[in-house]
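So you can see what is in the structure, the chains are spelled out below.
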Amino acid sequence: MTLKELWHRLGSPRWFYQISGRLRLVLGLTALVLLVTGTVWGIAFAPPDYQQGNSFRIIYVHVPSALVAQSAYLLMGAAGVVLLVWRMKLADMVLAATVPFGMSMTALALFTGAAWGKPTWGAWWVWDARTTSMLVLLFLYMALYALRQAIPRPETAGRACAVLAVVGVINIPIIKYSVDWWLTLHQPATFRLTAAPAMPPEMWLPLLVNALGVYCFFGANLVGRLRLEILERERGTAWVRERLAGGQL
Amino acid sequence: MNPVRRNRLIAVVFLAVGAAVTVGLVLVALNENINLFYPPDQIVSGAAPVDTRIRAGGMVEDGSVRRIGEGLTVEFVLTDHAGSAFPVQYTGILPDLFREGQGILVLGQLGGDGTFVAQEVLAKHDENYMPPELAELKGAGAGR
Amino acid sequence: MPADFARSLADFVAMGGHGLYVWLSYAAALGVVLYNVLSVRLRERRYLREHLDRERRHAGAGVRDAVHPARGVPEP
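Everything numeric in this text was worked out from a predicted model, so none of it was measured.

Asks: I tried to follow the overall build of chain B on my own but got confused; where do I start?
Replies: Summing up its helical and strand segments, chain B has 3 helices and 6 strands in all. Each helix (α) and strand (β) of chain B, taken in turn from the N terminus, gives the series α-α-β-β-β-β-β-β-α. Relative to the 2.2 N^0.38 estimate, which gives 15 Å for 144 residues, the radius of gyration of chain B is 23 Å and therefore markedly larger than a compact globule would have. Along the first, second and third principal axes, the C-alpha atoms of chain B reach 80 × 45 × 30 Å. Within chain B, the fraction of its 144 residues that count as buried is 37%. Partitioning the intrachain contacts of chain B with sequence separation of at least 6 by distance along the chain shows that 46% fall at a separation of at least 24. In chain B, 11 side chains carry a positive charge and 16 a negative one; their mean positions are 17 Å apart.

This is the structure we're talking about:
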């Protein structure tokens, strides 16, 4: 299949539904294995930090959730562009299906950040550039959710969400570079593309496993929600009735 | 690409660039205000307001921590290791991570005499993590 | 288990005095994972139930038509 053919096929929800069942299963199982491994490794076997002790273990939840929350938003930005320019149905579904996942992961990153801040900084919350821009990300997700609920016509709702998603992408580099551009309580990045991590492997390996796991989980969850979006939007069509004739999704 | 889609793409690009420029200008205009705290050089040079509730930050200077009297009052010096430093007075419980050389954030008022009276002390952690055994080895290597 | 936790389960739970924060974080993570899994599962089940109900109604209508051919075109 050439790239152009794939692009056209992506315009067909029916085709996506047919190929995605197995993809979801594989991603889901991989996520389960990785997340269980990374979590057990991180909480019981990784060494504590020399200054923070065991509160450091919160990193194995905090960093993966913050990463995937931002990546999910970038995906929505891309889907927004595709929807606005090419009017592809699947793009609108991605836009709708990513919001609950991204919102819950942003909330988790903020919550674990607070639970980590209390023993380390001495405060649950500080209004520095990193924490505030992450809070803005949560509000963007909430706004996208509310916007879709507020506009009754699905096509208009989709386009409005696409515009907000595209505009909101500007917040992502702000989150990333906030710790370099301004004086913040949050420390700068431990992992950089251009340098070795400021952490030994027995500390970052479980983190890597959990990060990969959460991305697989995102994939599986997104595919699951997309399949539901497809079924709901194509309710009652001949292919859906035929597909569900066996009594299974 | 057909002309309709090209026009839509141009509109989307304008939307994104417009939003980025707007936000960028706002951030540049607010630049100083987004900083969470005043670094030592701004405290020393008088750029920080006196007798108002502000936040200041710096590293705790080695050997500068002194207990005053019997209570919980301590005095220490925050420095940027680049020639600027100011004394801080604080009464209360220090965070676990408070130690010499540590990055610290203090909340309180800068007095006219240049002493900062803190009501709250927060510890700033750096981006380096290591197991305790490794930290001991490194400490020994540095001749501590 | 690493050296710290080798002594007892109590040490593991206490997390060197930071147990509350660590376990709260991991519990919240579990909660978020369960929310994402279950919200999809529940929506799927509801969809399937509604779909099967609708199909049964269609099938029922078909049977009734077969029993009462004289009725002609079934009313919507």
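Back to the write-up after that little detour.
Asks: I keep staring at the overall build of chain A and nothing clicks. Help me out?
Replies: Broken down by element type, chain A carries 9 helices and 0 strands. When the elements of chain A are put in sequence order from the N terminus, they spell out α-α-α-α-α-α-α-α-α. Viewed in the frame of its principal axes, chain A has a C-alpha envelope of about 65 × 35 × 35 Å. Within chain A, residue pairs in contact and separated by at least 24 positions form 75% of the contacts whose partners lie at least 6 positions apart. Summed over all atoms, the accessible surface of chain A reaches about 10500 Å², with 69% contributed by carbon and sulfur. Averaging the locations of the 21 positively and 11 negatively charged side chains of chain A gives two centres separated by 5 Å.

Asks: Just checking my understanding: could you explain the side chain of Thr131(A) for this structure?
Replies: All names here are of chain A. Examined against the element boundaries, Thr 131 turns out to sit in helix α5 (residues 129-150). With a relative accessible area of 10%, Thr 131 lands in the buried category. A distance of 2.6 Å separates a polar atom in the side chain of Thr 131 from the backbone oxygen of Val 126. In contact with Thr 131, other than residues within four places in its own chain, are Leu 110, Trp 121, Trp 125 and Val 126.

Asks: Before we go on, may I ask you to explain the pairing of strand β6 (residues 116-124) of chain B in this structure?
Replies: Every other side chain in a regular strand lies on the same face of the sheet, so the side chains alternate between the two faces. Residue and element names in this part refer to chain B. Relative to β6, strand β4 (residues 85-91) runs parallel, the two sharing 3 bridges. Pairing of Gln 89 across the sheet is with Val 117, part of β6. Taking the residues that link successive antiparallel strands as the turn, the strand β5 (residues 103-110)-β6 hairpin has 5 residues, and the phi of Gly 114 there is positive, at about 90°.

Asks: Mind showing me how you'd approach the interface of chain A and chain B here?
Replies: Interface extent is often summarised as the accessible area lost during association of the parts. Contacts between chain A and chain B engage 42 residues on the former and 37 residues on the latter. For the pair chain A and chain B, the two sides together bury roughly 3500 Å², of which 66% comes from carbon and sulfur. The largest contributions to the chain A side of the interface with chain B come from Tyr50(A), Gln51(A) and Leu183(A), which together make up 20% of the buried area. Going through the elements one at a time, α3 (59-86), α4 (89-120), α6 (154-168) and α8 (201-233) of chain A are the ones with two or more residues in the side of chain A that touches chain B. Of the residues forming the side of chain A that touches chain B, the biggest block, 5 residues, is contributed by α3(A).

Asks: Please explain the packing of aromatic side chains as it appears in this structure.
Replies: Aromatic ring pairs are defined here through the distance separating the ring centres and the angle between the ring planes. Residues and elements named next belong to chain A. All chains considered together, the criterion is met by 15 aromatic pairs over all chains. Judged by centre distance (5.5 Å) and plane angle (25°), the ring pair of Tyr 177 and Trp 181 falls under stacked. Here Tyr 177 and its partner Trp 181 are both found in helix α7 (residues 171-181), 4 residues apart, which amounts to about one turn of the helix. Assessed through its relative accessible area of 34%, Tyr 177 is described here as partly exposed.

Asks: Any chance you could explain helix α2 (residues 13-45) of chain A here in plain terms?
Replies: At 3.6 residues per turn, the α-helix brings residues three or four places apart onto the same side. Taking 1.5 Å per residue, 33 residues should reach 48 Å; α2(A) reaches 44 Å between its end C-alpha atoms and fits that length. Those residues of α2(A) not exposed but buried are Pro13(A), Trp15(A), Phe16(A), Tyr17(A), Ser20(A), Arg24(A), Ala31(A), Leu35(A), Gly38(A), Gly42(A), Ile43(A) and Ala44(A).

Asks: For this particular structure, what's the right way to read the pattern of salt bridges?
Replies: A pair can form between side chains of opposite charge whenever their charged atoms are brought close. Across all of its chains, the model carries 14 salt bridges over all chains by this definition. Arg192(A) is the partner of Asp180(A) in a salt bridge, and the nearest nitrogen-oxygen pair spans 3.5 Å. Highlighted residues: Asp180(A) in helix α7 and Arg192(A) in the loop between α7 and α8, separated in sequence by 12 residues. Its relative accessible area of 40% is what places Arg192(A) among the partly exposed residues. Here Glu75(B) makes a salt bridge to Arg66(B), at a shortest N to O gap of 2.6 Å. You can call Arg66(B) partly exposed: its relative accessible area is 47%.

Asks: Explanation requested: the environment of Leu183(A) in the structure shown.
Replies: Secondary-structure assignment places Leu183(A) in the loop between α7 and α8. Taking relative accessible area as the criterion, Leu183(A) reaches 28% and is therefore assigned partly exposed. With residues near it in sequence (within four places) discarded, Leu183(A) still touches Ile34(B), Asn35(B), Leu36(B), Phe37(B) and Pro39(B).

Asks: Before we go on, may I ask you to explain helix α1 (residues 3-34) of chain B in this structure?
Replies: Taking 1.5 Å of rise per residue, 32 residues should cover 46 Å, and α1(B) covers 43 Å from first to last C-alpha, within 8% of that figure. Along α1(B), the residues classified as buried are Val12(B), Ala19(B), Leu27(B) and Ile34(B). Where α1(B) is buried, its residues contact α3, α5, α6 and α7 of chain A.

Calculation notes
For every chain, the first residue of the written sequence is number 1, and numbering continues from 1 onward in sequence order. Chain letters and ligand numbers both follow the written order, the letters beginning at A and the numbers at 1. At least 70 in pLDDT is required for a residue's local features to be given in this predicted model, at least 80 for side-chain atom pairs to be given and counted, and no such filter applies to totals for whole chains, interfaces and linings, which use all residues. Only heavy atoms go into the side-chain values, all of them from the structure, while hydrogens and water stay out. Only DSSP runs of H or I with at least four residues qualify as helices, and only runs of E with at least two residues qualify as strands; both kinds are numbered from the N terminus onward. Both definitions apply: the radius of gyration is a C-alpha atom measure, and the globule rule equals 2.2 Å times residues to the power 0.38. Only protein chains enter the calculation, and the probe is 1.4 Å; a residue is then buried if its accessible area is under 20% of its type maximum, exposed if over 50%, and partly exposed in between. Contacts are residue-level and defined by heavy atoms, with any inter-residue pair within 4.5 Å sufficient. When charges are counted, Lys and Arg are positive and Asp and Glu negative, with His and the chain ends excluded. To locate a charge, take atom NZ for lysine, CZ for arginine, CG for aspartate or CD for glutamate. A 1.4 Å probe and the Shrake-Rupley method give the accessible areas. Residues count as covered only by the protein chains that appear here. Any N or O atom pair separated by 3.5 Å or less is treated as a polar contact, with the protein-specific requirement of one donor-capable and one acceptor-capable atom, and with residues adjacent in sequence counted only for side-chain atom pairs. Being paired, for any two strands, means DSSP has found at least two bridges between them. Summed over both partners, the accessible surface that disappears when two parts come together, traced with a 1.4 Å probe, is what is meant by buried area. Any two of the Phe, Tyr and Trp rings considered here, Trp counted by its six-membered ring, make a pair once their centres fall within 6.5 Å; the pair's planes then place it as stacked at under 30 degrees, edge-to-face at over 60, or tilted in between. The length a helix should cover is 1.5 Å for every residue beyond the first. Basic side-chain nitrogens of Lys or Arg form a salt bridge, by our definition, when they fall within 4 Å of a carboxyl oxygen of Asp or Glu.

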